[in-house]
Amino acid sequence: MRQMARRGFVAGAAAVVAGVVSTVATAHGAFAAPSRQTGSGRTGAPSREGGHRVARRELRGMWVATVANLDWPSAPGLTAAEQQAELIGYLDEAVDRRLNAVILQVRPTADALWPSPYEPWAQYLTGVQGKDPGWDPLGTAVREAHRRGLELHAWFNPYRVANHTDPSRLAASHPARLHPDWVLPYGGKLYYNPGIPEVRRFVQDAMLDAVRRYDIDAVHWDDYFYPYPVAGQVFDDDATYAKYGAGFPDKDAWRRDNTDKLVRETAERIKKIKKNVQFGISPFGVWRNAATDPLGSDTKAGVQTYDDLHADTRGWVKKGWIDYICPQIYWNIGFAAADYAKLLPWWSEVVRGTGVDLFVGEALYKAGDPAQPAAWQDPAELSRHLDFAADYDQVRGHVYFSGKDVMTDRIGTMARVVADHYRNRVRPPR
């Protein structure tokens with residue numbers, strides 16, 4: 001049975017592939033004092049420094065997805081008051097679980113959860129793309145998160161336009177309708193064409209509008225660059241390659257360069273606008289298998305980001321283009337094709353000496369899912385992940401997918417993580 005992906009109903013491939021390849025004290029609680037130590041020991045657990053008990057800084061985050069109303073809002077068309085109450089509920093839950101960051105999806109399908117001059121309001125608010133919901137979700141999220149001592153990372157998807165292929169269903173003012181030459185259908189969805197320079201500039205402008213207007217703590221991207229492969233279908237950018245691909249040995253190299261440009265240019269522009277805003281990316285957990293590249297991980301994944309998504313995630317870390325990387329290591333310890341216990345050490349070595357923080361994306365959504373392997377029926381699986389990660393100094397935190405699963409905690413997996421590892425609140429690693 002195919003596994004559902006963590007990025008909304010976009011069933012995207014990250015999870016599917018694994019199956020195929022057999023601040024200050026707040027009213028809600030004070031932060032523990034941060035440690036300057038970088039040695040081993042349970043992440044976030046108290047240690048000794050100068051005779052005082054301290055806690056190491058780490059990121060403890062959760063993703064809150066808006067695409068297809070996966071997490072929030074729970075349904076389109078709720079009143080503004082109902083939407084706000086649900087959003088506050090997620091922030092309060094993060095505090096109760098002693099987390100310190102919420103990664104909120106604010107640009108799910110080339111639209112916006114703020115009054116953007118570039119793109120229409122997201123349909124997931126009102127049920128109608130382009131309809132004003134009567135309030136500012138991103139502005140409210142930033143303000144209310146900071147009141148609670150939480151970081152707010154604004155999560156953007158750069159190229160996805162729609163989870164269907166009918167441009168007439170988009171708002172009349174949607175840039176994809178105004179520039180139909182920017183858009184390609186593929187796998188039942190619409191995407192902006194990453195090979196067009198005007199597209200890359202536009203999506204940057206649209207995302208950076210939020211950086212200028214709000215006190216967000218980070219720009220966060222997920223795992224979608226060039227789309228995940230769909231059997232029997234072609235992402236038809238031949239004409240774009242013919243126009244812009246001179247000087248590259250093949251289309252794959254040209255596509256990777258397009259993605260590199262998007263990452264590098266966005267990183268530079270963020271720092272010019274607000275140098276303290278971080279830039280983080282959460283890729284699919286496998287860069288390349290070792291059988292493909294000796295620098296790759298000891299895995300047998302059916303998708304490799306470098307080859308299939310044309311995203312050189314390892315290279316971005318080595319070049320220092322991003323502030324943090326949060327690979328989706330969405331497999332259990334001992335999973336044959338992609339073992340958590342092999343991937344985490346691999347990523348730890350990738351970031352070593354780079355100055356790029358490593359946060360680990362954790363598949364909370366799999367816990368208690370009867371379609372998942374036996375390991376995911378054990379409430380202690382994710383707690384074991386944190387025990388394992390504690391021996392790797394480069395790991396600076398964990399992020400859980402997704403918010404709804406943090407709230408419902410089907411078999412008590414999140415409660416076990418909190419009891420074992422999050423006894424006090426701590427600050428993010430700034």
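Presented here is an overview of the structure given in this document.

Parameters at a glance
Residues numbered from 1 in each chain as written. Predicted model: local features only at pLDDT ≥ 70, side-chain atom pairs only at ≥ 80, totals over all residues. Heavy atoms only, no water. Phe/Tyr/Trp six-rings, centres within 6.5 Å; stacked < 30°, edge-to-face > 60°. Lys NZ or Arg CZ within 6 Å of the ring centre and 35° of its normal. Pairing = 2+ DSSP bridges. Helix = DSSP H or I, 4+ residues; strand = E, 2+ residues; numbered from the N terminus. Axes fitted to C-alpha atoms, helices over the stretch in contact; angles between N-to-C directions. Buried < 20%, exposed > 50% of the residue type's maximum accessible area, 1.4 Å probe, protein only. Contact = heavy atoms within 4.5 Å. Expected span 1.5 Å × (residues − 1). Bend = angle between axes of the 7 residues up to and from the residue. Parallel < 35°, antiparallel > 145°, perpendicular 65-115°, else oblique. Left-handed = near helix turned anticlockwise from the far one by under 90°. Nonpolar A, V, L, I, M, F, W, Y, C, P; charged D, E, K, R; others polar. Salt bridge = Lys/Arg side-chain N within 4 Å of Asp/Glu carboxyl O.

**Brief notes about the packing of aromatic side chains**
1) Next: Scanning all chains against the criterion turns up 25 aromatic pairs.
2) Next: An aromatic cluster is defined as three or more aromatic residues linked by ring pairs; in this entry it consists of Trp63, Tyr330, Tyr365 and Phe401.
3) Next: Here the basic side chain of arginine 160 rests over the ring of tyrosine 224, its NZ or CZ set 5.6 Å away from the ring centre.

**Some remarks on the sheet that holds strand β9 (residues 189-192)**
1) Next: Read from one edge of the open sheet, three strands run β7-β9-β8, paired in antiparallel fashion. Each having just a single partner strand, β7 (160-162) and β8 (183-186) make up the two edges of the open sheet. This sheet shows a mean twist of 35 degrees between the axes of neighbouring strands, independent of strand direction.
2) Next: For β7 and β9, the ladder comprises two bridges, and the chain directions are antiparallel.

**Quick notes on the side chain of threonine 413**
1) Next: Among the structural elements, threonine 413 can be located in helix α14 (residues 413-421).
2) Next: The buried category is assigned to threonine 413, whose relative accessible area is 1%.
3) Next: What threonine 413 contacts, discounting residues up to four positions off in sequence, is Leu364, Ala367, Asp378, Pro379 and Leu382.

**Points about helix α6 (residues 197-213)**
1) Next: In this model, α6 (17 residues) spans 25 Å end to end at C-alpha, consistent with the 24 Å of a helix rising 1.5 Å per residue.
2) Next: Maximal helix bending in α6 amounts to about 25 degrees, located at methionine 207.
3) Next: Counting buried positions along α6 yields 12 of 17 residues, so the element is predominantly enclosed.
4) Next: What α6 keeps buried is the set Val199, Arg200, Phe202, Val203, Gln204, Asp205, Ala206, Met207, Leu208, Asp209, Ala210 and Val211.

**Some thoughts on the packing of helix α11 (residues 340-351) against helix α12 (residues 381-389)**
1) Next: α12 packs onto α11 with a crossing angle of 40 degrees between their chain directions and a minimal axis gap of 11 Å. Taken as axis vectors, α11 and α12 run oblique relative to one another. In this structure, α11 meets α12 at a crossing whose hand is right-handed. Residues Tyr340, Ala341, Leu344 and Pro345 of α11 form the contact with α12, whose participating residues are His385, Phe388 and Ala389.
2) Next: Residue classes in the contact of α11 with α12 are distributed as six nonpolar, one polar and no charged.

**So, helix α2 (residues 80-96)**
1) Next: Between its first and last C-alpha, α2 extends 24 Å over 17 residues, near the 24 Å set by a 1.5 Å rise per residue.
2) Next: For α2, the full list of buried residues reads Gln83, Leu87, Ile88, Tyr90, Leu91, Glu93, Ala94 and Val95.
3) Next: Close packing links the buried residues of α2 with β4 (59-64), β5 (101-107), α3 (123-126), α4 (137-147) and α13 (403-408).
4) Next: Positive backbone phi, at 60 degrees, marks arginine 98, one or two positions downstream of α2.

**Some words on the sheet that holds strand β13 (residues 357-362)**
1) Next: Strand order in the closed barrel formed by eight strands is β4-β5-β6-β10-β11-β12-β13-β14, and the pairing between neighbours is parallel.
2) Next: Pairing of β4 with strand β14 (residues 395-400), which is carried by four bridges, proceeds in the parallel orientation. Looking at the pairing, glycine 61 lines up with valine 399 of β14.
3) Next: On top of the sheet, α11 reaches β12 (324-325), β13 and β14; it is set at about 160 degrees to β13, its chief contact.
4) Next: Running over the sheet, α12 touches β13 and β14 and is turned about 165 degrees from β14.

**Thoughts on the pattern of salt bridges**
1) Next: The full count for this structure, using the stated rule, is 24 salt bridges.
2) Next: The closest approach of N and O atoms between arginine 147 and glutamate 144, which form a salt bridge, is 2.8 Å. Of the two residues, arginine 147 and glutamate 144 both sit in helix α4, three residues apart, roughly one turn of that helix.
3) Next: As a salt-bridge pair, arginine 352 and glutamate 349 come within 2.8 Å of each other at their nearest N and O atoms.
4) Next: Where salt bridges share partners, they join Asp92, Arg143, Glu144, Arg147 and Arg148 into one cluster.

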